[in-house]
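Structure at a glance
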Number of protein chains: 2
Amino acid sequence: MQLTRQSEYAIRTMLELAALPYGELLSSKVISQRQDIPEDFLKKTVHLLSLGGLVSTQRGTQGGVRLAKAAEQITLAHIVAAIEGPIAINPCLAPGYFCPNQVTCPVSPILARAQAALLAELNKQTLADLVKQA
Amino acid sequence: MQLTRQSEYAIRTMLELAALPYGELLSSKVISQRQDIPEDFLKKTVHLLSLGGLVSTQRGTQGGVRLAKAAEQITLAHIVAAIEGPIAINPCLAPGYFCPNQVTCPVSPILARAQAALLAELNKQTLADLVKQA
DNA sequence: GTTAAAGTTGATATTTTTTATCCACATTAA
DNA sequence: TTAATGTGGATAAAAAATATCAACTTTAAC
């Protein structure tokens, strides 16, 4: 029932990027050093963020990573989803799951609401808000 | 970011027990058969529920497991906590954790609120409510 | 008392997931 | 041309979750 460490890496990375002037690049290497994250692992993490449309990358000398959209439009929920996929606190809430148990399972609606409440909180503040606070 | 399968086993077990007349025993063996849960694993799961004060057990012939308190006083949050320990969606929210990162981490308050929202939903309905619905 | 049913406990194995590492490759600015 | 950088795949290592096994204790039933 926990965020993975990789999600945490991703959050810290996004905070680094959001603290920069918009559009500015920062290399994975530098981020890994500043945030004490294994470089190769971070590279993959950044790649996931990229696939999720949260950052864009630039190869080559002086390349790096930057936000792909304004920090005002990014929330923790987006970041976690980019890393871990759609948040599902139980397999039975995942898209396309067929429950092998009783037809009328009283639990999944509750889990669904709990999950929704969790997501709502993770969406309440933007990355921009977070950077302001830090 | 998921409940463990063991938590799910525990929930299904508690639903079985709550469907019985209050105080009635059901053996782990029968529960494991009805719910298709490995028996030895379920025994340990039941033991955790017992340590958590949610069920009481009775050894010997005709022994078994029963609710230790009224189903009206038990929620999903209690069950999950009995199995997984205090719910903490990130290590930094666990009791006694010291964060090695920046002093003013803007993330943990959000995670804390998200976690609280999750817990609130898991506490909204009692086991008794669930049994009624099923 | 004896016995069989049931929970207790600890060791260990298996499987899955997560985290980390390594390296060959593609791209690109300098 | 070259060095810095992201890409991608393979693999390893570590951790966590799940499952199995087996000896033990308790206790109701006979």
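These notes cover the structure that comes with them. (Residues numbered from 1 in each chain as written. Chains lettered and ligands numbered in written order. Predicted model: local features only at pLDDT ≥ 70, side-chain atom pairs only at ≥ 80, totals over all residues. Heavy atoms only, no water.)

Some remarks on the interface of chain B and chain A
- At the interface, 32 residues of chain B touch 32 residues of chain A.
- Both sides together, the interface formed by chain B and chain A hides about 3200 Å², and carbon and sulfur atoms give 65% of it.
- Where chain B meets chain A, there are zero salt bridges.
- Remark: the boundary between chain B and chain A carries four residue pairs in polar contact (both at pLDDT 80 or more).
- If you list the elements that add at least two residues to the side of chain B that touches chain A, you get helix 1 (5-18), helix 4 (76-84), helix 5 (107-122) and helix 6 (127-133) of chain B.
- Sorting elements by how many residues they give to the side of chain B that touches chain A places helix 5 of chain B first, with 10 residues. (Contact = heavy atoms within 4.5 Å. Buried area = accessible area lost by both parts, 1.4 Å probe. Salt bridge = Lys/Arg side-chain N within 4 Å of Asp/Glu carboxyl O. Polar contact = N/O pair within 3.5 Å; in protein donor to acceptor, adjacent residues only side chain to side chain. Helix = DSSP H or I, 4+ residues; strand = E, 2+ residues; numbered from the N terminus.)

With respect to the packing of helix 1 of chain B against helix 2 (residues 28-35) of chain B
Residue and element names in this part refer to chain B.
- Orientation of helix 1 relative to helix 2, taken along the N-to-C sense of each, is 110°, at an axis distance of 11 Å. Between helix 1 and helix 2, the angle is such that the two are roughly perpendicular. Of the two possible hands of crossing, helix 1 and helix 2 adopt the one that is right-handed. Here Arg12, Thr13, Glu16 and Leu17 of helix 1 come into contact with helix 2, specifically with Ile31, Arg34 and Gln35.
- Considering only residue class, the contact of helix 1 with helix 2 consists of two nonpolar, two polar and three charged. (Axes fitted to C-alpha atoms, helices over the stretch in contact; angles between N-to-C directions. Parallel < 35°, antiparallel > 145°, perpendicular 65-115°, else oblique. Left-handed = near helix turned anticlockwise from the far one by under 90°. Nonpolar A, V, L, I, M, F, W, Y, C, P; charged D, E, K, R; others polar.)

Quick notes on the protein's contact with DNA strand D
- Lining the immediate surroundings of DNA strand D are 26 residues, of which Lys44, His47 and Arg59 of chain A together with Arg5 and Arg59 of chain B lie closest.
- Near-protein atoms of DNA strand D (within 4 Å) split between backbone and bases, with sugar and phosphate holding 64%.
- Between DNA strand D and Arg59 of chain A there is a distance of 2.9 Å, counted from a sugar or linking oxygen to a side-chain nitrogen or oxygen.
- Listed by contribution, the elements that provide at least two residues to the surface near DNA strand D are helix 3 (39-51), strand 1 (55-58) and strand 2 (64-67) of chain A together with helix 1 and helix 3 (39-51) of chain B.
- Considering only residue class, the surface near DNA strand D consists of four nonpolar, 15 polar and seven charged. (Near = heavy atom within 4 Å.)

Some remarks on the protein's contact with DNA strand C
- Around DNA strand C, the structure places 26 residues, and the nearest of them are Arg5 and Arg59 of chain A together with Lys44, His47 and Arg59 of chain B.
- Here DNA strand C approaches the protein such that, of its atoms within 4 Å, sugar and phosphate make up 64%.
- A distance of 3.4 Å separates a sugar or linking oxygen of DNA strand C from a polar atom in the backbone of Thr61 of chain A.
- Separating a sugar or linking oxygen of DNA strand C from a side-chain N or O atom of Arg59 of chain B is a distance of 3.1 Å.
- When its residues are assigned to classes, the surface near DNA strand C shows four nonpolar, 15 polar and seven charged.

Comments concerning the relation of the copies chain B and chain A
- The transformation that overlays chain B on chain A combines an axial shift of 0.0 Å with a rotation of 180°, and the residual RMSD is 0.0 Å. Here the two chains are linked by the operation of a two-fold rotation axis. For chain B, the residue whose C-alpha comes nearest the rotation axis is Met1 of chain B, separated from it by 2.3 Å.
- Looking at chain B, 100% of its interface residues are interface residues in chain A too, so the copies touch through the same face. (Least-squares fit on C-alpha atoms with pLDDT ≥ 70 in both.)

Notes on the pairing of strand 1 (residues 55-58) of chain B
Residues and elements named next belong to chain B.
- Pairing of strand 1 with strand 2 (residues 64-67), which is carried by four bridges, proceeds in the antiparallel orientation. Paired with Val55 across the strands is Leu67, a residue of strand 2.
- A loop of five residues connects strand 1 with strand 2, the two strands running antiparallel in sequence, and Gly60 in this loop sits at a positive phi of about 85°. (Pairing = 2+ DSSP bridges.)

Digging into the pattern of salt bridges
- Tallied over the entire structure, the rule returns 10 salt bridges over all chains.
- Note that Asp129 of chain A is salt-bridged to Lys132 of chain A, the shortest N-O span being 4.0 Å. Of the two residues, Asp129 of chain A and Lys132 of chain A both sit in helix 6 (residues 127-133), three residues apart, roughly one turn of that helix.
- Using a relative accessible area of 24% as the deciding quantity, one classes Asp129 of chain A as partly exposed.
- The exposed category is assigned to Lys132 of chain A, whose relative accessible area is 67%.
- Across the pair Glu8 of chain B and Arg12 of chain B runs a salt bridge, and its minimum N-O distance is 2.5 Å. Here the residue Glu8 of chain B and the residue Arg12 of chain B both occupy positions in helix 1, the gap between them amounting to four residues, near one helical turn.
- Residue classification places Glu8 of chain B among the partly exposed positions, given a relative accessible area of 21%. (Buried < 20%, exposed > 50% of the residue type's maximum accessible area, 1.4 Å probe, protein only.)

Considerations on the environment of Gly85 of chain A
Residues and elements named next belong to chain A.
- Mapped onto the elements of the fold, Gly85 is located in the loop between helix 4 (76-84) and helix 5 (107-122).
- Gly85 sits in the buried class, given a relative accessible area of 19%.
- Residues Gly85 and Leu48 lie 37 residues apart in sequence; the distance between their C-alpha atoms is 9.9 Å.

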